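Secondary and tertiary structure notes
For reference, the chains in residue letters:
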Amino acid sequence: QSALTQPASVSGSPGQSITISCTATGSDVHDHNYVSWYQQHPGKAPKLILHGVTNRPSGISNRFSGSKSGNTASLTISGLQAEDEADYYCTSYTSRNTYVFGSGTKVTVL
Amino acid sequence: QVTLRESGPALVKPTQTLTLTCTFSGFSLRTSGMSINWIRQPPGKALEWLARIDWDDDKFYNPSLKPRLTISKDTSKNQVVLTVTTLDPVDTAAYFCARTHHIDGYHFDYWGQGAPVTVSS
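So, a few notes on the structure that sits alongside this text.

**Focus on the packing of aromatic side chains**
For the coordinates displayed, the defined rule picks out 14 aromatic pairs over all chains. Ring centres of Tyr34(A) and Tyr93(A) lie 6.1 Å apart, and the angle between their planes is 80°; on these two criteria the pair is classed as edge-to-face. Remark: Tyr93(A) occurs in strand β8 (residues 86-93) and Tyr34(A) occurs in the loop between β3 (18-25) and β4 (35-40); sequence separation between them is 59 residues. Judged by relative accessible area, which is 30%, Tyr34(A) ranks as partly exposed. In this arrangement the basic side chain of Arg99(B) is found over the ring face of Phe27(B), its NZ or CZ atom lying 5.0 Å from the centre.

**Examining the pairing of strand β9 (residues 93-101) of chain B**
Residue and element names in this part refer to chain B. Counting buried residues along β9, eight of its nine residues qualify, which places the element largely inside the surrounding structure. Bridge count between strand β4 (residues 34-41) and β9: eight bridges; the pairing is antiparallel. Across the sheet, Gln-41 pairs through a bridge with Ala-94, a residue of β9. With three bridges joining them, β9 and strand β11 (residues 115-119) adopt antiparallel strand pairing. When the sheet's bridge partners are listed, Tyr-95 is paired in β11 with Ala-115. As paired elements, β9 and strand β10 (residues 110-111) share two bridges and run antiparallel to each other. Note that in β10 the partner of Arg-99 across the bridge is Tyr-110.

Scoring rules and cut-offs
- Residue positions are given per chain, counted from 1 along the sequence in the order it is written.
- To read the labels, note that chains go from A and ligands from 1, taken in the order they are written.
- Local features are withheld for residues below a pLDDT of 70 in this predicted model, meaning they are given only at 70 or higher, and side-chain atom pairs are given and counted only at 80 or more; totals for whole chains, interfaces and linings count all residues.
- To obtain the side-chain values, all non-hydrogen atoms of the structure were used and water was disregarded.
- Stacked, tilted and edge-to-face pairs are distinguished by plane angle, under 30 degrees for stacked and over 60 for edge-to-face with tilted covering the rest, among Phe, Tyr and Trp rings (Trp via its six-membered ring) whose centres lie within 6.5 Å.
- Only DSSP runs of H or I covering at least 4 residues are called helices, and only runs of E covering at least 2 are called strands; the numbering of each starts at the N terminus.
- Exposure is judged per residue with a 1.4 Å probe applied to protein chains only, and the accessible area is read against the type maximum: over 50% gives exposed, under 20% gives buried, and values in between give partly exposed.
- Whether a charge sits over a ring depends on NZ of Lys or CZ of Arg being within 6 Å of the ring centre and within 35 degrees of the ring normal.
- Note on pairing: two strands pair once DSSP finds at least 2 bridges between them.

The following block contains the structure:
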């Protein structure tokens with residue numbers, strides 16, 4: 001069974017950059033080409049912010065960027081803003097045609 | 001404009017069966033590559049993928065919950081239904097439906113607002 005591990009929390013001051021990692025364990029996870037990232041504010045549905053590791057949907061700020069190295073995908077938020085304070089989840093499609101979500105990261109803007 | 005909306009009971013008793021409906025608009029589940037997924041989130045916890053149904057009626061389930069889940073679709077009504085049997089208080093969660101269009105990739109591009117479900121006697 002695959003799993004995606006994220007740090008429980010990351011914080012930064014306005015204007016700074018932060019990076020959230022998403023590390024895969026298990027052989028089911030496609031080599032991170034199918035990683036996507038979601039932002040979730042309290043009481044709201046998740047919102048897609050990155051897919052295919054680095055692709056931003058229309059309307060998503062270019063302050064959000066993605067990368068991958070080995071079995072770890074990363075989300076970087078540049079120029080941190082108060083509105084970025086939220087929970088962030090990575091997810092990956094697996095070789096068994098299922099999905100696995102990361103454990104989630106709470107981003108705090110100091 | 002793509003929209004999805006979940007509906008179902010807010011309170012169910014342990015051992016009962018939960019039936020949730022996702023009603024969508026702005027696209028067709030007859031379109032090649034289109035899928036509807038169910039995802040849940042217990043209070044204060046992470047998201048958990050549950051099931052997916054494809055345009056061609058292929059179905060896929062979370063292996064750890066597969067015996068208890070059934071997903072189906074009514075394409076004429078633009079609806080997808082998820083049933084969860086043998087409910088337990090740990091099934092208390094917000095249940096979301098979300099779209100994937102595999103022509104574009106394997107990500108959830110549109111979500112419903114979520115349906116809160118409490119399992120309690």
